[in-house]
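# Coordinates in review
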Amino acid sequence: MYGIIVNRASGNGTGKKVWKKVEKELMLDSKPYLVRHTERPADTAKAVTELFDSKVKAIIAVGGDGTINEVVNRLVPKDIPLGVIPAGSGNDFARCLGIPMDYKKALRRIFENNPVKTDLLYTGSRYCLTVTGIGFDGKIAETVNRSFYKSWFNQLRLGKLTYVASMLEVLKTYKPTNVKITIDNEELFFSKVWLVAVANAPNYGGGIRICPEAVHNDGLLDICIAHGLSRWELLRLFPKAYKGGHLRDKKVSFFKGKDVYLQSDTPVLVQGDGELIMESPVRLQIKKDALQVM
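Reference entry: report on the structure contained in this document.

Another point: the pairing of strand β12 (residues 221-227). With seven of seven residues buried, β12 lies mostly within the body of the structure. Residues Leu221, Ile223, Ile225 and His227 line one face of β12 and the alternating positions Asp222, Cys224 and Ala226 line the opposite face, and both faces are buried. Summarising the sheet, strand β9 (residues 186-199) and β12 pair through six bridges and their orientation is antiparallel. Note on β12: the bridge partner recorded for Ala197 is Cys224. In this structure, β12 lies alongside strand β13 (residues 252-257), joined through six bridges in antiparallel fashion. Its bridge partner being in β13, Ala226 is matched across the sheet by Val252.

Below, the discussion takes up unusual backbone geometry. Going from Ser280 to Pro281, the amide bond is cis rather than trans, its omega being 10°. Looking at where Pro281 falls in the secondary structure, it is placed in the loop between β16 (275-279) and β17 (282-293). Located in the positive-phi region is Asp79, a residue other than glycine, with phi close to 55°. Its location among the elements puts Asp79 in the loop between α3 (65-75) and β4 (82-86). Backbone geometry at Asn91 places phi at a positive 55°, although glycine is not the residue there.

About the cut-offs
- Residues numbered from 1 in each chain as written.
- Predicted model: local features only at pLDDT ≥ 70, side-chain atom pairs only at ≥ 80, totals over all residues.
- Heavy atoms only, no water.
- Buried < 20%, exposed > 50% of the residue type's maximum accessible area, 1.4 Å probe, protein only.
- Helix = DSSP H or I, 4+ residues; strand = E, 2+ residues; numbered from the N terminus.
- Pairing = 2+ DSSP bridges.

Written out as structure tokens, the structure is:
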């Protein structure tokens, strides 16, 4: 018996449309399933608990990175495998694991039942699938989630532009700060830090390769620190990040480690998988092979 979580609101209604197609495939294949529909994080928590009580053998999430994040944070302690049908605006987690964007192919992958293990990033209170962004990124996530244009771009199938629009909005007023970051007990200091991205996967923001060398199952976190940049320099750097071109920039530093602790002169926002989590200071750790994905 499959348990299925469908976020009808993901991708501005894409989740609902994709589910209708998936449902037909399940019926054609005579696959037993229980489905729960959600629209808010509280709905997801309740739905996952109900499916656990029904003794499902796996849970399939139909939605975007935010939906998968909510499911995973309740799934990991139960050690039940996860299936993913991408239906969000970014789908960075699916892209990282090579999960097809086509619902039929994604469903076939689940039916093949060859789960792979993936690491997760842990903030002390929540698991994160792809990237935790600190500072400028956190403020962008806050802006994206309250923006009036997010639904417009999603309706036009231009969801990636939501991040770009929010970035330009935040860039006008955001002020960088000084940061002390400890990576596996080694202390480092950076001034005028715009953002720190701690990654378990290369992509976020709908395909931005912020940490191009990150691997989801290597037991390591990749850290990207953008510092000492003017607003104009940051703006010029941004397009390069879509292909990982910022790797060669002298004002962007990269590290790897298993344990990261960040303090900043002024508290800055922290986001994980596009959702706000907390403010700095923050400690992040890698949890090796924490999740099974079909």
